[in-house]
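Given next are the chains, with one letter for each unit.
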Amino acid sequence: MEVLKNYINGEWVKSSSKESIEVVNPASQALLAKVPYGSSTAIDVTTACETAKIAQKEWSKVPVMKRVQVLYLLKSLFETNIEDIAKTITDESGKTKDESFGEIQRAIENIEVACGTPILMAGDVIEDIASGIDEMMIRQPLGVTACITPFNFPSMIVFWFLPYAIATGNAFIVKPSEKVPLTMMKIFSLIDQLDLPKGLVSMVHGGKETVDSILEHPTIKAISFVGSSPVARYIYSKGTANGKRVQAQGGAKNPVIVLPDTDIEMSTKIIADSVYGCAGQRCLAASTIVTVGDENRNLKDALYETVKSRNVGYGWDKGVSMGPVITSESKNRITDLIELGISEGATVLLDGRKTEVSNYEKGNFLSPTILENVNLNKKLIKTEIFGPVMSLISMKTIEEAIAFVNSGQYGNMACLFTSNGATARKFRNEADAGNIGINIGVAAPMAQFPFSGWKDSFFGDLHGQGKHAIEFFTQTKVIIERWPNIWSRKF
Ligand code: NAD
């Protein structure tokens, strides 16, 4: 099988690296592709940077109204090819058909918002800030920028950044996750149809060594990263030490608080979908469900009934509502964490560890697991599981629950279920998390809003999406002009 090509200088080219790793379908283990890997991918990064630098000079002179025209075309290409891209997402990441379509829709929303760049990047002018003096602030592109992305959203995450980067006049290099490179191959075949300067948008495959060369290359002015917290912290510290602007989103451990006044019928499916959607491999997946008050029986029973028969399988098959986890290592890591929880005192209400799917005997399948009595002072309650596992705990008061939320290492999302507006208001003001949901299971911001994140879930200042992305990909320039009024002079 041929190793995947990079897309550099507007062409599909072989990697300089002779090393490669395999990409497999997590449901069937069928070999899908081989992707370039290893230290020689640094040469590919250098080539991409050289051509990007030239292309960006030309592109930055194209008026912004013209620059966004390519985004309108890209949106329509996405829509025409949505089924093909969705199938690729399912095949390489394991998502269900609906989940794959859903994430592409989120990518398209970002393209739509970035079409507003002519307004979003507008500057400020104050005339006569002093006598005969006008002052203005304009936004200019940074130059060559890059993103490094995780496996769990093979299409969407690149689009938190790419449309904004190019609309504001930058060049952009994508390093997709080596676990799911095929979706970006499809998307770059659409990008190839756009009327862009050669080299403006490139894709370089690889792993850690490729990332290190991005961190070190002097041409790259800004890096957008999404992935696990230890890597996010590393990217942020190394990238900023090398003088780059960096936004680095990390992992999560998301709590959902359920108050006694919650409409259980309405909330159960929403909470279950938050925990088990995308097989729990979502940075906004609920992981710990905290019921407040003495009585949690109703929710517990309802959750159990809702999730026990979730249909696990290959995501493109009809009726499947949960796919496999990404790799066998991931499956082992998740089962090890369940065992850790049990050894720390948790009891198993629903055990999803032994799951067999006919015709997909080798798949990385787990079914929904519910753990009760999880020890608040031990490791599991603090560890990102990134799999279909719910920890169900109870607390006496909302204050205790908020203190629990705020004691966590991460701050990606916190949600509350209630029918009381005043309590909802208290929660949204006091909970230490960048994305808050009230009667929402997955508080994923629409493209108009920044994809926020606090504490170890984010390193940097400006987030992806919307106006934050416009600011991230531009630098401000302030101009002060003195124009003496020559018309008042006597000639
Ligand atoms: P990961 O950190 O293993 O990999 C992410 C990217 O970093 C990949 O492109 C990979 O090639 C690169 N990489 C991996 N190890 C590296 C290293 N040591 N040095 C340099 N680069 C390295 O993450 P993943 O397993 O692909 O994705 C899952 C993680 O991403 C979870 O922790 C999840 O919470 C997080 N995530 C966060 C968000 C968010 O918005 N906060 C969104 C999606 C996923």
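Computed from a predicted model, the values in this text were never measured in an experiment.

## Regarding the site of the ligand
Lining the immediate surroundings of the ligand are 29 residues, of which Glu 178, Ser 228, Gln 249, Gly 250 and Glu 384 lie closest. Here an oxygen atom of the ligand and a side-chain polar atom of Glu 178 are 2.6 Å apart. Contact with the protein chains hides 88% of the accessible area of the ligand, taken as 850 Å² for the molecule alone. If you map the ligand onto the pockets, it falls in the largest pocket. At the level of elements, helix H9 (208-216), strand E10 (220-226) and helix H10 (229-241) are the ones that each hand at least two residues to the shell around the ligand. When its residues are assigned to classes, the shell around the ligand shows 14 nonpolar, 10 polar and 5 charged. There are two domains that each give the shell around the ligand at least three residues, and those are domain 1 (6-250 + 457-479) and domain 2 (254-438).

## Re the sheet that holds strand E6 (residues 133-141)
Taking strand neighbours across the sheet as the criterion, the 3 strands line up as E5-E6-E22 in an open arrangement whose pairing is antiparallel. The two strands at the open ends of the sheet, each matched to only one other strand, are strand E5 (124-130) and strand E22 (474-482). Geometrically, the sheet is characterised by an average inter-axis angle of 25° between neighbouring strands, direction not taken into account. With 4 bridges joining them, E5 and E6 adopt antiparallel strand pairing. Each residue of the ladder has a partner; that of Asp 124, found in E6, is Met 137.

## Looking at empty space enclosed by the protein
As enumerated under the stated definition, the model contains 2 cavities of 30 Å³ or more in all. Considered as a void within the structure, the largest cavity measures approximately 100 Å³ in volume. The class makeup of the residues in the lining of the largest cavity is 7 nonpolar, 4 polar and 3 charged. Its volume calculated, the second largest cavity comes out at about 60 Å³. Lining the second largest cavity are Ser 93, Gly 94, Lys 95, Glu 99, Phe 151, Asn 152, Cys 278, Ala 279, Gln 281, Gly 323 and Pro 324. When its residues are assigned to classes, the lining of the second largest cavity shows 4 nonpolar, 5 polar and 2 charged. Two domains each put at least three residues into the lining of the second largest cavity: domain 1 (6-250 + 457-479) and domain 2 (254-438).

## Structural notes on the domain arrangement of the chain
When the domains of the chain are assigned, the result is domain 1 (6-250 + 457-479) and domain 2 (254-438). A C-alpha centroid distance of 31 Å is found between domain 1 and domain 2. Carbon and sulfur atoms make up 63% of the area that domain 1 and domain 2 hide from each other, which totals about 2,000 Å². It is Ala 27, Phe 151 and Ser 457 that lose the most area in domain 1 upon contact with domain 2, and together they represent 25% of the buried surface on that side. Our count for the contact surface shared by domain 1 and domain 2 stands at 0 salt bridges. Where domain 1 packs against domain 2, one counts 11 residue pairs in polar contact (both at pLDDT 80 or more). When residues of the side of domain 1 that touches domain 2 are traced back to their parent elements, those giving at least two are helix H4 (82-93) and helix H5 (97-114). Here the side of domain 1 that touches domain 2 takes 7 residues from H4, the largest share from any one element. Class assignment for the residues of the side of domain 1 that touches domain 2 results in 7 nonpolar, 10 polar and 8 charged.

## Concerning the packing of helix H3 (residues 69-80) against helix H8 (residues 182-191)
Packed helices, taken two at a time, are described by their axes: the angle between them and the distance between them. Viewed as axis vectors pointing N to C, H3 and H8 meet at an angle of 130°, and their least axial separation amounts to 10 Å. Put simply, H3 runs oblique to H8. Remark: the crossing between H3 and H8 carries right-handed chirality. Residues Leu 74, Leu 77 and Phe 78 of H3 pack against Ile 187, Leu 190 and Ile 191 of H8. Residue classes in the contact of H3 with H8 are distributed as 6 nonpolar, no polar and no charged.

## Considerations on the pairing of strand E19 (residues 435-438)
Burial of the side chains of E19 is restricted to one face: Asn 435 and Gly 437 are buried, whereas none of Ile 436 and Ile 438 on the reverse face is. Here strand E18 (residues 413-417) pairs with E19 via 4 bridges, running parallel. Residue pairing in the sheet places Leu 416 in a bridge with Ile 438 of E19. Regarding topology, helix H15 (residues 421-430) serves as the crossover connection from E18 to the parallel E19, and that connection is right-handed.

Criteria and cut-off values
For every chain, the first residue of the written sequence is number 1, and numbering continues from 1 onward in sequence order. Side-chain atom pairs in this predicted model are given and counted only at pLDDT of 80 or more, local residue features only at pLDDT of at least 70, and totals for whole chains, interfaces and linings cover all residues. Hydrogens and water are ignored here; the side-chain numbers use all heavy atoms of the structure. Nearness is judged by heavy atoms alone; a residue qualifies as near a molecule or strand once a single heavy atom is within 4 Å of it. Polar contact criterion, stated in full: a pair of N or O atoms within 3.5 Å, where within protein one must be able to donate a hydrogen and the other to accept it, and residues adjacent in sequence count only if both atoms are side-chain atoms. The Shrake-Rupley method, run with a 1.4 Å probe, gives the accessible areas here. Residue values count only the displayed protein chains as cover. Using protein atoms alone on a 1 Å grid, points that fit a 1.4 Å probe yet trap it form a cavity, whereas open point sets bounded by protein on both sides within 12 Å along at least five of seven lines form a pocket; residues with an atom within 4 Å of a point count as lining. Think of it this way: a molecule belongs to a cavity or pocket when more than half its atoms come within 2 Å of the grid points there. Secondary structure counts use DSSP, requiring at least four H or I residues in a row for a helix and at least two E residues in a row for a strand, with both numbered from the N terminus. Three categories are distinguished: nonpolar for Ala, Val, Leu, Ile, Met, Phe, Trp, Tyr, Cys and Pro, charged for Asp, Glu, Lys and Arg, and polar for the others, with Gly belonging to the last. Source of the domain bounds: an automatic or database domain assignment. In short, DSSP must find at least two bridges between two strands for them to pair. Note on geometry: axes are C-alpha line fits, over the in-contact stretch for helices, and angles between N-to-C directions span 0 to 180 degrees. Grid points are joined across faces, edges and corners, and a volume is the space filled by probe spheres set on the points. Here the quantity called buried area is the accessible surface, traced with a 1.4 Å probe, that two parts lose on coming together, added over both. What counts as a salt bridge is simple: a side-chain nitrogen of Lys or Arg found within 4 Å of a carboxyl oxygen of Asp or Glu. Roughly parallel here means an angle under 35 degrees, roughly antiparallel means over 145, roughly perpendicular means 65 to 115, and every remaining angle is called oblique. Crossings are classed by handedness, with left-handed meaning an anticlockwise turn of the near helix from the far one by less than a right angle and right-handed meaning a clockwise turn. Should any heavy atoms of two residues lie within 4.5 Å, those residues are considered in contact. Relative accessibility under 20% of the residue-type maximum defines a buried residue, over 50% an exposed one, and the middle range a partly exposed one, all with a 1.4 Å probe and only protein chains included. Handedness of a crossover is defined as follows: with both strands directed away from the viewer, a clockwise route from the first strand across the helix to the second makes it right-handed.

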